[in-house]
Amino acid sequence: MKGLKGKNVLVTGASSGIGQAIAVRFAQEGANVAINYRKNPEDAKETEEMVENACGEIRGCGVESLLVQADVSQEEDVVKMVAAVVEKFGRLDILINNAGIQIEGAAHEMKIEDFDRVVAVNLRGAYICARETLKHFLSRSGGGVILNISSVHEIIPKPKYVGYSVSKGGMENLTRSLALEYASNNIRVNAIAPGATITPINKSWINDPEAKAEVESNIPMGRAGTSEEMAASVAFLCSNEAAYITGQTLFIDGGLTLYPSFREPWSS
Ligand code: NAD
């Protein structure tokens, strides 16, 4: 995709799932990839290997990779992470705010620490990473791109996951506010909103055929999405093909946000 070769990209929460697929996709596009992990470098080794082998025989496609620790909810960690990426690659061009968690619990019983933790990682963490990246973008010429991984729960309520709903709802305005504030600096800020995607965050159903069939029965296209499908749209939105797109959330959900219960008319 146009404009990604030679770019330097930081992907948060890149040890698994959608973040891992994004890291690999950028390497395939010829970008250098900083792979963020929360705590244990061992967790990110698989992604590092996949990035290094992203082009099969041609090891590394000529791209560089960097494993970089940070709990995105910790301001100090994030400051150090962005500095480490800039030091290694010389500059940072693209930030992917992917790190995310969810904690289940009825809203009237949810421990406040659980609510705070989800918002701190998914929303506040994305903001801290964006803030540090924006400082860097503004410190040199050429602009940059921030891409947030939101969710269909940006607009679909998620009972029993109020922290998650709130964090992803907030992400819409994080995306739009930053896009407007920095549009004149040639900095684009967009988001993707995945529907049900086969990743470890969905361990409760991805390996259980009955539970998976139940999930997929709610999706108009009849199947869950893959991390690679999410990564393809991320690559597009970060590329020069999307040079005039900012402040948008692209829903990638097999039709999940199309009010599936209206498939058959029931209101008239
Ligand atoms: P995942 O659990 O595989 O990935 C989440 C990643 O975030 C993990 O690698 C984890 O280590 C990392 N992480 C968690 N807390 C962190 C922290 N404090 N600091 C740094 N990293 C941290 O699940 P996934 O599905 O790949 O999730 C990626 C993103 O996609 C999340 O933001 C999630 O909300 C979003 N999403 C997923 C789905 C889905 O169905 N899988 C749907 C919509 C949105």
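Here the structure is shown first, and the text comes after it.
Only a predicted model underlies this, so the values are computations on that prediction, with no experimental measurement involved. Counting restarts for each chain, with residues numbered from 1 along the sequence as it is written. At least 70 in pLDDT is required for a residue's local features to be given in this predicted model, at least 80 for side-chain atom pairs to be given and counted, and no such filter applies to totals for whole chains, interfaces and linings, which use all residues. Side-chain calculation: all heavy atoms of the structure are included, whereas hydrogens and water are not.

Caption draft 1: Main features of the packing of helix α4 (residues 112-139) against helix α5 (residues 162-182). At a closest axis distance of 8 Å, the pairing of α4 and α5 adopts a crossing angle of 15°. By the angle between their directions, the pair α4 and α5 is classed as roughly parallel. Here α4 and α5 pass one another in a crossing that is right-handed. Between α4, through Phe-115, Val-118, Val-119, Asn-122, Leu-123, Ala-126, Tyr-127, Ala-130, Leu-134 and Leu-138, and α5, the contact on the second element is made entirely by Val-162, Gly-163, Tyr-164, Val-166, Ser-167, Lys-168, Gly-170, Met-171, Leu-174, Leu-178 and Tyr-182. Note on method: axes are straight lines fitted to C-alpha atoms, helices fitted across the in-contact stretch only, with angles between N-to-C directions ranging 0 to 180 degrees. Per the convention used, a helix needs a DSSP run of H or I reaching at least four residues, while a strand needs a run of E reaching at least two, with both numbered from the N terminus. Any angle from 65 to 115 degrees is called roughly perpendicular, while one under 35 is roughly parallel, one over 145 is roughly antiparallel, and all others are oblique. Definitions for this section: a left-handed crossing has its near helix turned counterclockwise from the far helix by less than a right angle. A right-handed crossing has that turn clockwise. Only heavy atoms matter for contacts: two residues are in contact if any of them lie within 4.5 Å across the pair.

Caption draft 2: Representation of the sheet that holds strand β1 (residues 8-11) within the structure. Taken in spatial order, the seven strands make up an open sheet running β3-β2-β1-β4-β5-β6-β7, and their pairing is parallel. The open sheet terminates on both sides in strands that have one partner only, identified here as β3 (65-69) and β7 (249-252). Across the sheet, the axes of successive neighbouring strands diverge by a mean angle of 20°, strand direction being ignored. Across four bridges, strand β4 (residues 94-97) lies against strand β5 (residues 144-149) in parallel orientation. Residue pairing in the sheet places Leu-95 in a bridge with Ile-146 of β5. Paired strands are those between which DSSP finds at least two bridges.

Caption draft 3: Just the site of the ligand, in detail. In the region of the ligand, 29 residues are neighbours, and Ser-16, Ile-18, Tyr-164, Thr-199 and Asn-202 sit closest. The term polar contact refers here to a pair of N or O atoms within 3.5 Å; inside protein, the definition further demands a hydrogen-donor-capable atom paired with an acceptor-capable atom, and it admits residues adjacent in sequence only when both atoms are side-chain atoms. Ile-18 is positioned with one of its backbone polar atoms (N or O) 2.8 Å from an oxygen atom of the ligand. Gly-195 is positioned with one of its backbone polar atoms (N or O) 3.4 Å from an oxygen atom of the ligand. Protein coverage of the free-state accessible area of the ligand, which is 820 Å², stands at 91%. Mapped onto the shell around the ligand, the elements with two or more residues apiece are α1 (17-28), α4 and α5. Put simply, a residue is near a molecule or strand once any heavy atom of it comes within 4 Å of that molecule or strand. Computed with a 1.4 Å probe, the accessible areas rest on the Shrake-Rupley method; for each residue, only the protein chains presented here act as cover.

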